[in-house]
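Examining the three-dimensional arrangement
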Amino acid sequence: MPEDYMTEYEPLLTKEGKERKGIKFFCFQFPNKFLLLVMFATCIGGTFQCGYNISVINAPTKYVQDFINQTWRQRYQTEISKDVLTLLWSTIVSIFTIGGFIGVSIGGTLSVKLGRRGTLLANNVFSLVAALLMGLSSSAGSFELLIIGRFLIGINAGIALCVEPMFLGEIAPTSLRGAMGTGSSIFLTGGILSGQVMGLKEVLGREQYWPLLLSTTCIPALLQLQLLPWFPESPRFLLIDKGDEEKCKKALNQLHGVAGSDSVLEDIQREKNNLVGFKAKKPWELFADRSVRWQVITIIVLNAAQQLNGVNAMYFYADYLFRQAGIAEDNIPYATVGTGACECLTALTCGMLVESLGRKVLISGGYLLMSICCILFTVTLALQDVSPIFPYLSVACVFAFVLSFGLGPGKLVEHLMHPISLSPSVKQHVFTWLVVSSSEGGVTNILTTEMFKQTARPAAFMIAGSVNWLSFFFIGLLFPFIVLGLQHYCFLVFFVVCLSVGIYIIVVLPETKNKSFVEIQQEFQSRRSKESKYDEEGALLISTTL
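Residues numbered from 1 in each chain as written. Predicted model: local features only at pLDDT ≥ 70, side-chain atom pairs only at ≥ 80, totals over all residues. Heavy atoms only, no water.

**Structural notes on the packing of helix H16 (residues 293-308) against helix H24 (residues 490-508)**
To be explicit about the condition: Simply put, an axis is a line fit to the C-alpha atoms, just over the touching stretch for a helix, and the angle between two N-to-C directions goes from 0 to 180 degrees. Each helix is a run of DSSP H or I of at least 4 residues and each strand a run of E of at least 2, with the numbering of both proceeding from the N terminus. Throughout, the term roughly parallel applies to angles under 35 degrees, roughly antiparallel to angles over 145, roughly perpendicular to angles from 65 to 115, and oblique to all others. Two helices that cross are described as forming a left-handed crossing if the nearer one is turned anticlockwise from the farther one by less than a right angle, and a right-handed crossing if clockwise. Note on definitions: a residue-residue contact is assigned when non-hydrogen atoms from the two residues lie within 4.5 Å. Here the nonpolar group is Ala, Val, Leu, Ile, Met, Phe, Trp, Tyr, Cys and Pro; Asp, Glu, Lys and Arg are the charged ones; every other residue, Gly included, is treated as polar.
Running from N to C, H16 and H24 point in directions that differ by 155°, and their axes come no closer than 11 Å. In terms of orientation, H16 and H24 fall into the roughly antiparallel class. Considering how the two elements wind past one another, H16 and H24 form a crossing that is left-handed. Mapping the contact onto sequence places Trp 294, Ile 297, Thr 298, Val 301, Leu 302, Ala 305 and Leu 308 in H16 and Phe 494, Val 497, Val 501, Tyr 504, Ile 505 and Val 508 in H24. Residues of the contact of H16 with H24, tallied by class, amount to 12 nonpolar, one polar and no charged.

**With respect to helix H14 (residues 245-274)**
To keep it simple, the criterion reads: Multiplying one less than the number of residues by 1.5 Å gives the expected span of a helix. As used in this structure description, the phrase polar contact means that two N or O atoms lie within 3.5 Å; if the pair is within protein, one of them must be able to donate a hydrogen and the other to accept it, and residues adjacent in sequence are counted only when both atoms belong to side chains.
The end-to-end C-alpha distance of H14, which contains 30 residues, comes to just 16 Å, noticeably less than the 44 Å that a straight helix rising 1.5 Å per residue would cover. The N-capping residue of H14, defined by a side-chain oxygen 3.4 Å from the backbone nitrogen of Glu 246, is Asp 244.

**With respect to the side chain of Thr 71**
Within the secondary structure, Thr 71 sits in helix H5 (residues 61-76). From its side chain, Thr 71 meets the backbone oxygen of Phe 67 in a polar contact 2.8 Å long.

**Quick look at the pattern of salt bridges**
Put simply, the rule reads: Any Lys or Arg side-chain nitrogen located within 4 Å of an Asp or Glu carboxyl oxygen qualifies as a salt bridge.
Counted according to the given criterion, the structure contains 11 salt bridges. Of the charged contacts, one joins Glu 79 and Arg 73 as a salt bridge, the two residues approaching to 2.7 Å between their closest N and O atoms. Several salt bridges share partner residues, and in doing so they unite Arg 116, Glu 170, Arg 236, Asp 267, Arg 270, Glu 271 and Arg 457 into one network.

**A closer look at a nonpolar patch on the surface**
Applied cut-off: Residues enter a patch when their relative accessible area is above 30% and they make no salt bridge; the linking distance is 9 Å between like charges and 5 Å between nonpolar side chains (Val, Leu, Ile, Met, Phe, Trp, Tyr). With residues, only the protein chains shown are counted as cover, and all accessible areas are computed by Shrake-Rupley using a 1.4 Å probe. Only protein chains enter the accessibility calculation, which uses a 1.4 Å probe; a residue is then buried when its area is under 20% of its type maximum, exposed when over 50%, and partly exposed in between.
Taken together, the side chains of Ile 375, Val 379, Leu 383, Val 386, Leu 486, Tyr 489, Leu 492 and Val 493 define a hydrophobic patch exposed on the protein surface, amounting to about 650 Å² of accessible area. Within the residue set of the nonpolar patch, elements represented by two or more residues are helix H19 (359-382) and H24. For Val 386, the position within the fold is in the loop between H19 and helix H20 (389-407). Judged by its relative accessible area of 60%, Val 386 falls in the exposed class.

**Some points on the packing of aromatic side chains**
Aromatic ring pairs are defined here through the distance separating the ring centres and the angle between the ring planes. Filter applied, for reference: Here the aromatic set is Phe, Tyr and Trp, taking the six-membered ring for Trp, and pairing holds for ring centres within 6.5 Å; pairs whose planes are under 30 degrees apart are stacked, those over 60 apart are edge-to-face, and all others are tilted. Here, over-ring charges are defined by two tests on the NZ atom of lysine or the CZ atom of arginine: distance to the ring centre within 6 Å, and angle to the ring normal within 35 degrees.
Enumeration according to the criterion identifies six aromatic pairs in this entry. Here the aromatic rings of Phe 40 and Phe 187 are separated by 5.9 Å at their centres, their planes lie at 65°, and the arrangement is edge-to-face. Taken together, the residues Phe 40 in helix H3 (residues 33-44) and Phe 187 in helix H10 (residues 183-198) connect sequence positions 147 residues apart. When its relative accessible area of 35% is taken as the criterion, Phe 40 is described as partly exposed. Look at Phe 187 and you get buried, because its relative accessible area is 17%. Judged by centre distance (4.7 Å) and plane angle (55°), the ring pair of Trp 72 and Tyr 76 falls under tilted. In this pair, Trp 72 and Tyr 76 are both assigned in helix H5, four residues apart and thus about one turn of the helix distant. In this structure an aromatic cluster arises from ring pairing among Phe 377, Phe 491 and Phe 494. It is Arg 75 that lies over the ring of Phe 143; its NZ or CZ is 4.8 Å from the centre.

**What to know about the nonpolar core**
One recurring pattern in soluble globular proteins is that nonpolar side chains are buried together. To keep it simple, the criterion reads: We define the nonpolar core as a collection of buried residues of types Ala, Val, Leu, Ile, Met, Phe, Trp, Tyr and Cys that are connected through side-chain atoms lying within 4.5 Å of one another.
If you look at the biggest cluster of nonpolar residues, it comprises 64 residues, and the most contacted ones within it are Ile 68, Ile 92 and Leu 146. Look past the residues within four positions of Leu 146 in its chain and what remains in contact with it is Val 64, Phe 67, Ile 92, Met 134, Ser 137, Trp 210 and Leu 214. Counting residues in hydrophobic clusters, the runner-up holds 40 residues, among them Tyr 367, Phe 377, Val 398 and Val 508.

**Re the environment of Gly 115**
If you trace the backbone, Gly 115 turns up in the loop between helix H6 (82-113) and helix H7 (116-140). Each C-alpha atom, one on Gly 115 and one on Lys 242, is 9.4 Å from the other, the two residues being 127 residues apart in sequence. The residues contacting Gly 115, other than those within four sequence positions of it, are Leu 110, Glu 233 and Phe 237.

**Observations concerning the packing of H19 against H20**
For the pair H19 and H20, interaxial distance at closest approach is 8 Å and the crossing angle is 165°. The angle between the axes of H19 and H20 places the two elements in the roughly antiparallel class. Like other packed secondary-structure pairs, H19 and H20 cross with a definite hand, here left-handed. Residues Leu 362, Gly 366, Leu 369, Met 370, Cys 373, Cys 374, Leu 376, Phe 377, Thr 380 and Leu 381 of H19 form the contact with H20, whose own contacting residues are Phe 390, Leu 393, Ser 394, Cys 397, Val 398, Ala 400, Phe 401, Ser 404, Phe 405 and Leu 407. Tallied by class, the residues present in the contact of H19 with H20 amount to 16 nonpolar, four polar and no charged.

Have a look at this one:
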């Protein structure tokens, strides 16, 4: 950071006469504006950009398919077959998930080598190259550039979703860790909404503008490159990983203020002392470490459940239900924007509740509410032809399910467009709704940050992200068969998933609100001690009986 910057802002970082009260944002008391600006600079090029790229690809669907058809005709002097066109379009959309899996696989390693902030800055290279390739694809007459661009933007999303929540969790004060973690959710839904708005015909949704629309992903990347270098690296990374106490103190003074930095420094120092002699762990080492067994199982369960909870199937039926409710097909994109705004509101609500109700209540309550919605939705779908009111009740169930999903369980859900037996126009709108279901409730990422020590945290995020992206692929393959085979009774399967995960969270997961990383580790150690005691007593009882 420039030296003159520290000199200019020194009055903000010192305490003269009376102690500063900080700044209030919504219902949260932040130490200073600096912390809010860090969150903005981090999220604008991370989850905001990811959400934007999820939704922006939907608007030009027909135009991109026409471009592929025209390019094919010019190259081979023949019309492209319907199957090949579907394959190419599905590749353009779904290769995003392959890039995301690769991104999350390397994100943890990069965060150790380059630092959290350094990785986020370097990650923008993928976004800028992708924007260039997608913007030039039309004039170059190459749909291959679109495929490469979407692959690169997927890598960008995977790295961001791995490193951004880790960075925010490490720089946040204990009392604000949940609020800042849900900042990822707020910016993701804001990015989705922005992509939906930009894709309207009144903005850049016309045929001649689609290359420009896809290349606008460079804007949040450029913003982050301009803003983030002015802010410090994660203090925990500086002290624990790099051993630089001086830079750590400077970073804490900027982020927490002088008055609040001493206690945080002591907490970081205690964590460092507990980790003496330990090196950053690899993902496979966490699987072999019995001391973090329940933490690893928990993040696997939570991340897999985000894809297997039925939100995909819920949006699959949304298009049909809106038709039944009398919404014209041309107006469905505007209804989509409305749901995007609804998800932004849900993300803000989650951010305000996470520090008052706690992580455990939000995420377990969300899954239990979703299980109730699955039952009600199954009943209303079965009775669609009984009365005109049931389509409206089904729509209400969709919104209730999505709100429950966004309040706690929700995380990024990138849904795939599959060549199932629907007309092209219906496919496009179904994909719209599948994409809109993305709602990164920060609670899951907050828990991943809080449940692991500094040396294990990057590997934990790699495991969580890999499970999530693999679940994208798994549910993408099976989803059409599940829906077409079981029809609306598929929600009974999702009811079992949601109810089981909700009960697991209530039984296994401790509350982490307002607890330091060391205190959270002690709670899990206490659980392990009880288990060991029960095992020893059981073994003693068996040997005595024998």
